Amino acid sequence: MGTLLAASLARAGHAVTLLDRDPERAARTSARPLELTTPTGETWSVPVQVALSVPPEVEVAFLCVKTGATEAALAPVRDLSCTVAILQNGCERASFVAEALGLGERVVGISTTEGATRSGEGRVHHTGAGSSQVGPARPEGAERAERVVALLKSAGFAAQIGDVRAASWRKLVVNAAINALTGLLDCPNGQLLASPAAAELADSAAREVAEVALALGVSGNWEPEAACAAWREVALHTSVNISSTLQDLRRGQTTEVHAINGAVARLAAESGLAAPTNSLLCRLVAAREELAV
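Here's a quick rundown of the structure. In this text, all values refer to a predicted model and were calculated from it rather than measured experimentally.

Rules of the game
Residues numbered from 1 in each chain as written. Predicted model: local features only at pLDDT ≥ 70, side-chain atom pairs only at ≥ 80, totals over all residues. Heavy atoms only, no water. Helix = DSSP H or I, 4+ residues; strand = E, 2+ residues; numbered from the N terminus. Buried < 20%, exposed > 50% of the residue type's maximum accessible area, 1.4 Å probe, protein only. Contact = heavy atoms within 4.5 Å. Salt bridge = Lys/Arg side-chain N within 4 Å of Asp/Glu carboxyl O. Phe/Tyr/Trp six-rings, centres within 6.5 Å; stacked < 30°, edge-to-face > 60°. Lys NZ or Arg CZ within 6 Å of the ring centre and 35° of its normal.

Observations concerning the side chain of Thr38
So, step 1. With respect to the element layout, Thr38 can be found in the loop between strand E2 (34-37) and strand E3 (43-46).
So, step 2. A residue is classified by how much of its surface remains accessible, and Thr38, at 10% relative accessible area, is buried.
So, step 3. The residues touching Thr38, leaving out its near neighbours within four places in the chain, are Arg11, Trp44, His125 and His126.

Shown next, in the form of structure tokens:
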């Protein structure tokens, strides 16, 4: 998502700096434009500045890194006054950054259904247009959230102020059902629907997310049937897509399973509930990561 945002915002005429902590990779990326392939198949070359540090005049910093890299990625902006827009998988991410990292009203949460696949270094395929819900982590950040919505709209994304918490939990239903299983089974999203055994496991994971969301008072329809229908619809419409978890495992990288299935299991336990399917999926993916090292 970071490359997609950078290329789209730059193409819309905004001054964009793509941050990279790897000097060699930053040098390679800055030597050529980013390559953006649109959902309609058009390919654009978009020049973007690549740097190792944050420009002091930055207005909005989009955080798109994996959840495990959050604190390190935000270190350069903690002493600045810029808005920090959180675009990560998992639930309650904006609240976590605002409170745990002390960024308060500067934090804006984004929950998106935009589809993006990294097709190579500095290359991204916008696989499907979606929509984005944007909201401040705290009420005092409302104007910052409006600014983020305006930026996203200017880059061609469908964005609006909304209930980010509810939207992130709806997305969590889908991610918890699809990501870990496709990673473990090494298959595209749609293949889960072709296997009754896989679909049953995905249904179980989705139902557990809905049960926890209901217990936590998250707004929305958390009927078990609705949760199962949600992931199945996404799997059908993204049948050839490779989930981010499977992409990570194929590259030998750490996944976000602890922020997805692991978070469901943890929040279930804190609510006096059980989430055995999500707990098992988390442990299995973690085991595969360990064995791949």
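Comments concerning the pattern of salt bridges
Side chains bearing opposite charge may pair, as long as their charged atoms lie close to each other.
So, step 1. A complete count under the given rule lists 11 salt bridges for this structure.
So, step 2. With its nearest N and O atoms 3.5 Å apart, the salt bridge here joins Glu35 to Arg123. Taken together, the residues Glu35 in strand E2 and Arg123 in strand E9 (residues 123-128) connect sequence positions 88 residues apart.
So, step 3. Using a relative accessible area of 36% as the deciding quantity, one classes Arg123 as partly exposed.

Thoughts on the packing of aromatic side chains
So, step 1. Counting across every chain of the model gives zero aromatic pairs.
So, step 2. One Lys or Arg, Arg11, reaches over the ring of Trp44 and ends 3.8 Å from the middle of that ring.

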